[in-house]
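Notes for the structure review
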Amino acid sequence: MFDGGAEVIKEFVKQDLIDEYVISTIPILIGNGVRLFKETEQENKLELVVSNSFPSGLVQNQYIVIRSEGKQV
């Protein structure tokens, strides 16, 4: 597991080093901010495997990466 900023994540995606993502959504609208996924040169297909919601409104989704040959990791 890794917790990092957008630039680090972008480099990991570019190097095809990520097997799964856990993305948490906090229900607060801020108007602007740093994008988690900036423009990429490749499309990455994800499959949702777990989704949890919490009384605070937070939603946490876990995805696995589907590789181009159609095999998941």
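Scoring rules and cut-offs
- Residues numbered from 1 in each chain as written.
- Predicted model: local features only at pLDDT ≥ 70, side-chain atom pairs only at ≥ 80, totals over all residues.
- Heavy atoms only, no water.
- Helix = DSSP H or I, 4+ residues; strand = E, 2+ residues; numbered from the N terminus.
- Contact = heavy atoms within 4.5 Å.
- Core = buried A, V, L, I, M, F, W, Y, C linked by side-chain atoms within 4.5 Å.
- Buried < 20%, exposed > 50% of the residue type's maximum accessible area, 1.4 Å probe, protein only.
- Pairing = 2+ DSSP bridges.
- Axes fitted to C-alpha atoms, helices over the stretch in contact; angles between N-to-C directions.

1. Some words on the environment of Lys45
- Relative to the helices and strands, Lys45 is located in strand 2 (residues 45-53).
- For Lys45 and Ile64, which are 19 residues apart along the polypeptide, the C-alpha to C-alpha distance reads 8.6 Å.
- For Lys45, the residues in contact, after removing those within four places along its chain, are Ile64, Val65 and Ile66.

2. Here's the deal with the nonpolar core
- Counting 5 residues, the largest nonpolar core consists of Ile9, Val13, Ile18, Tyr21 and Val65.
- In contact with Val13, not counting residues within four places along its chain, are Ile18, Tyr21, Gln42 and Asn44.

3. Quick word on the sheet that holds strand 1 (residues 20-25)
- The strand order across the open sheet built from 3 strands is 1-3-2, with neighbouring strands paired in antiparallel fashion. Looking at which strands have only one partner, the edges of the open sheet turn out to be strand 1 and strand 2. On average, each strand axis in the sheet is inclined to that of its neighbour by 20°, with strand direction left out of account.
- Relative to strand 3 (residues 59-66), strand 1 runs antiparallel, the two being bridged by 6 bridges. Opposite Tyr21, over in strand 3, you have Tyr63 as the bridge partner.

From the geometry alone we can't say anything about function, so treat these as descriptive.
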